[in-house]
Amino acid sequence: MTTIRTRRGRLGIPALAALAVLAAGCGTRHVGAGAQDAGTGTPTTAATLAQGKPVDFPCPGETPTPTPTRTAGSTAAPTLPPDHYAENHGFKMPLPLRGQSRCDGLAAAQRVKEALEPLRMGNDYTPEGTRGRLAGLGYPAEKTNVYAVSRTAVRFLVEAPGMCLTGTMIPDSTRVEAFNGYPDHRGCDEPRGGH
């Protein structure tokens, strides 16, 4: 069997490949660290664009924490046998909020904390008082679970749009955290079960 090759066919493939490379660069905006997306003003990085996943960045009013560094003389911690607790209970680990959602969660947590602080200062650790303050922030009663842990402690869980808010109000402080639900479970309540 005879194969016929033409000069035109051999030149066409490299030319087509070069054209594809050039076309791929057209309209692409190269992003460096600290750049912002022109449409939203949100910080973005090349990693964000490449992975399609939100990347955390400092939120308004937040100071970044320094990354701990190792000293030359430090030694690594001894390796321990694998802990299967995390493996077996991973479905109970709340998913973190990322990117702009993380900033929205921090802001929502701060609003809840500020709303509950007068109750804490006034020693009002009742589910009714806490539920009323959360309703005042616009969280509907059917999406809010508040219960007394003791005479001086109240826990709450709120299913807010795009996030979950959980917290505790005790005499020393009011703690509120925002998270993104659970891996294999709908809703904000902690899943039950396991193996």
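Okay, so let's go over this structure. (Residues numbered from 1 in each chain as written. Predicted model: local features only at pLDDT ≥ 70, side-chain atom pairs only at ≥ 80, totals over all residues. Heavy atoms only, no water.)

## Re the overall build of the protein
- Scanning the protein from N- to C-terminus turns up five helices and four strands.
- Going from the N terminus to the C terminus, the protein shows its helices and strands as α-α-α-α-α-β-β-β-β.
- Split into buried and exposed, the 195 residues of the protein put 26% on the buried side.
- A fraction of 47% describes how many contacts in the protein between residues 6 or more apart in sequence connect residues 24 or more apart. (Helix = DSSP H or I, 4+ residues; strand = E, 2+ residues; numbered from the N terminus. Buried < 20%, exposed > 50% of the residue type's maximum accessible area, 1.4 Å probe, protein only. Contact = heavy atoms within 4.5 Å.)

## Brief notes about the sheet that holds strand β3 (residues 163-169)
- Reading across the sheet, the four strands line up as β1-β2-β3-β4 and stay open at both edges, with antiparallel pairing between neighbours. Of all the strands in the sheet, the pair left with one neighbour each is β1 (144-150) and β4 (174-179). Direction aside, neighbouring strands of the sheet carry axes that sit 15° apart on average.
- Two strands pair when backbone bridges link them, and strand β2 (residues 153-160) and β3 are joined in this way by seven bridges, in the antiparallel orientation. Residue pairing for β3: Glu159 is matched across the bridge by Cys164.
- The strands that helix α4 (residues 99-121) touches are β2, β3 and β4; relative to β3, the one it contacts most, it runs at about 30°.
- Of the strands in this sheet, β1, β2 and β3 are in contact with helix α5 (residues 127-136), which crosses β1 at around 150°. (Pairing = 2+ DSSP bridges. Axes fitted to C-alpha atoms, helices over the stretch in contact; angles between N-to-C directions.)

## Some thoughts on the nonpolar core
- In terms of nonpolar packing, the biggest core is built from 18 residues, with Val112, Leu134, Tyr139, Phe156, Val158 and Leu165 touching the most fellow members.
- Elements with a contribution of two residues or more to this core: α4, β2 and β3.
- Considering each element in turn, this core owes the most residues, five residues, to α4.
- The contacts of Phe156, once residues within four sequence positions are left out, are Val112, Leu116, Thr130, Leu134, Asn145, Val146, Leu165, Thr166, Gly167, Thr168, Arg175 and Val176.
- Among the nonpolar cores identified, the runner-up in size contains five residues, and Leu157, Cys164, Phe179 and Tyr182 belong to it. (Core = buried A, V, L, I, M, F, W, Y, C linked by side-chain atoms within 4.5 Å.)

## Concerning α5
- Looking only at α5, the buried set comprises Pro127, Gly129, Thr130 and Leu134. Down the axis of α5, the buried side of the element spans an arc of 165°, and every buried residue falls inside it. Exposed and oriented more than 90 degrees from the buried face of α5 are Glu128 and Gly136.
- Its buried side turned inward, α5 meets α4, β1, β2 and β3.
- Looking one or two residues beyond α5, the residue adopting positive phi is Gly138, at roughly 100°. (Arc of directions from axis to C-beta.)

## Focus: the state of the cysteines
- Applying the stated criterion across every chain yields a total of two disulfides.
- Each disulfide pairs two cysteine sulfurs, and for Cys59 the partner residue is Cys103, the sulfurs being separated by 1.9 Å. Handedness of the Cys59-Cys103 disulfide follows from its S-S torsion of about -85°: it is left-handed. With Cys59 in the loop between α2 (46-51) and α3 (84-89) and Cys103 in helix α4, the pair connects residues that are 44 residues apart, well separated along the chain.
- With a relative accessible area of 7%, Cys103 lands in the buried category.
- What pairs with Cys164 in a disulfide is Cys188, and their sulfur atoms sit 2.0 Å apart. (Disulfide = S-S within 2.5 Å.)

## Description of the packing of α4 against α5
- One can describe the packing of α4 onto α5 by two numbers: an axis separation of 10 Å at closest approach and a directional angle of 145°. Between α4 and α5 lies a crossing of right-handed hand. Contact residues: α4 offers Val112, Ala115, Leu116, Pro118 and Leu119, while α5 offers Gly129, Thr130, Arg133 and Leu134.
- Partitioning the contact of α4 with α5 into residue classes produces six nonpolar, two polar and one charged. (Left-handed = near helix turned anticlockwise from the far one by under 90°. Nonpolar A, V, L, I, M, F, W, Y, C, P; charged D, E, K, R; others polar.)

## So, the environment of Glu159
- Counting through the fold element by element, Glu159 comes out in strand β2.
- C-alpha of Glu159 to C-alpha of Gly187: the two residues are 28 residues apart in sequence and 7.1 Å apart in space.
- Not counting the four nearest positions on each side in its chain, Glu159 is found in contact with Lys143, Gly187 and Cys188.

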